[in-house]
Amino acid sequence: AGSVHMLQSVTKSFTSAAIGIAIDKGYIESVQEPVLGFFPDLEGIDHVDDRKRAMTLEDLLTMRSGTDYHERGPGSPHYELNTLSSGWTEFVLSRPMITDPGTNYQYDSGGVILMSAILEARTGEHADAFLAEHVFAPLGIEDVRWFRNAEGHPHTGGGLMLRPRDMAKFGLLYLRKGRWEDEQVVPAAWVETSTRRHVTFPGVQRRMTGYGYLWWILPPGPEGDRKTEMFAACGFRAQYIFVIPEHDMVVVVTGHTQNGDDQNKPREFLYSHILPAVER
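It should be emphasised that the depicted structure is a prediction, and the values quoted were computed from it without experimental measurement. (Residues numbered from 1 in each chain as written. Predicted model: local features only at pLDDT ≥ 70, side-chain atom pairs only at ≥ 80, totals over all residues. Heavy atoms only, no water.)

Peer 1: A description of the side chain of T11 should follow, citing residues and the corresponding values.
Peer 2: Within the fold, T11 resides in helix 1 (residues 11–24). Of the polar contacts made by the side chain of T11, one reaches the backbone nitrogen of L160; its length is 3.2 Å. (Helix = DSSP H or I, 4+ residues; strand = E, 2+ residues; numbered from the N terminus. Polar contact = N/O pair within 3.5 Å; in protein donor to acceptor, adjacent residues only side chain to side chain.)

Peer 1: Tell me about the pairing of strand 7 (residues 208–211), residues and numbers included.
Peer 2: Here strand 7 runs beside strand 8 (residues 216–218); their pairing, made up of two bridges, is antiparallel. Paired with Y211 across the two strands is W216, which belongs to strand 8. The hairpin turn running from strand 7 into strand 8, its antiparallel successor, is four residues long, and L214 in that turn takes a positive phi close to 65°. (Pairing = 2+ DSSP bridges.)

Peer 1: An account of the packing of aromatic side chains is requested, with residue identities and associated values reported.
Peer 2: Per the stated rule, a full pass over the model turns up 15 aromatic pairs. A centroid spacing of 5.9 Å and a plane angle of 20° characterise the contact between Y107 and W216, whose relative ring orientation is stacked. Within this pair, whereas Y107 is found in the loop between helix 5 (88–93) and helix 6 (109–123), its partner W216 is found in strand 8, the two being separated by 109 residues in sequence. Overall, Y107 belongs to the partly exposed group, its relative accessible area being 22%. Note on Y174 and W215: the rings are 4.7 Å apart at their centroids and 35° apart in plane angle, and the pair reads as tilted. Remark: W215 occurs in the loop between strand 7 and strand 8 and Y174 occurs in helix 8 (residues 164–175); sequence separation between them is 41 residues. Per residue, the accessibility class of Y174 equals that of W215, and both read buried. (Phe/Tyr/Trp six-rings, centres within 6.5 Å; stacked < 30°, edge-to-face > 60°. Buried < 20%, exposed > 50% of the residue type's maximum accessible area, 1.4 Å probe, protein only.)

Peer 1: Report on helix 8, specifying residues and quantitative values.
Peer 2: With twelve residues, helix 8 extends 16 Å from end C-alpha to end C-alpha; this agrees with the ideal 16 Å at 1.5 Å per step. Taken as a whole, helix 8 has its buried residues at D166, M167, F170, G171, L173, Y174 and L175. (Expected span 1.5 Å × (residues − 1).)

Peer 1: Got a sec to walk through the sheet that holds strand 1 (residues 5–6)? Specific residues and values, please.
Peer 2: In space, the three strands of this open sheet follow the order 1-3-2, with antiparallel pairing throughout. Looking at which strands have only one partner, the edges of the open sheet turn out to be strand 1 and strand 2 (145–146).

Peer 1: Describe in detail the environment of Q32, supporting the description with residues and values.
Peer 2: For Q32, the location among the structural elements is in the loop between helix 1 and helix 2 (50–54). Polar contacts involving the side chain of Q32 include one to the side chain of E58, which spans 3.1 Å.

Peer 1: Explain the packing of helix 1 against helix 6 residue by residue, including any values.
Peer 2: Put simply, helix 1 and helix 6 touch, their axes get as near as 10 Å, and they point 40° apart. In this structure, helix 1 meets helix 6 at a crossing whose hand is left-handed. Between helix 1 and helix 6, the contacting residues are K12, T15, A18, I19 and A22 on the first element and S109, V112, M115 and L119 on the second. Here the contact of helix 1 with helix 6 is composed, by residue class, of six nonpolar, two polar and one charged. (Axes fitted to C-alpha atoms, helices over the stretch in contact; angles between N-to-C directions. Left-handed = near helix turned anticlockwise from the far one by under 90°. Contact = heavy atoms within 4.5 Å. Nonpolar A, V, L, I, M, F, W, Y, C, P; charged D, E, K, R; others polar.)

This is the structure we're talking about:
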């Protein structure tokens, strides 16, 4: 049946689904809710200013928090968070602001890890339990593991472990606009808004044209209608769920490369071999 794989940042797209469901169920008002409003008991944290008060859930979903959180190597805030056995929420919330929120894209797992605490604050359940009930159970996904800290806070930036076939089920769920058999698991409007471009990258950076709500946007295939964009959940070490609406297709890749250049090989192979094979 296959073994589970650590999905790295593919996890983030599952976290996005949890947020969309929580909004639909009324636990969260909207993506415009201010982040600090979820944590009234943490008012005394460091570096609270007008910019931080203005930071919204949407800013976290589009990687535009405005904080100094980044993941560029040892010594980065992300490296530091991964060494902490507790206190992830406080660590992320207390980062200093360096730009206005909503203006500057900077890849930031901290904001996504915070989303599990946001879910817990509003639903009483962290993202692992919330997803188990609202996504994994309807899809019949049973072999699920998470990396959690000592407080039971799941690493929603990259700590989910699933089998490849269950990754494919999640891709198929989004290909079907959030429906699974006769159940609307993720709101269709959420699937639509979270898989369209909210951030546009300058140029075409290695075939990534933009970013949605924790989903990557990819350009159309070379020989199809050349209009229909694809979207993908992407993770370090070459983990991917590619969703290709034009061809009614999902492609899952589970790599474990240590080489940064190899990280992009599955994307290159998608365009060089897989898409031309179905576009003839």
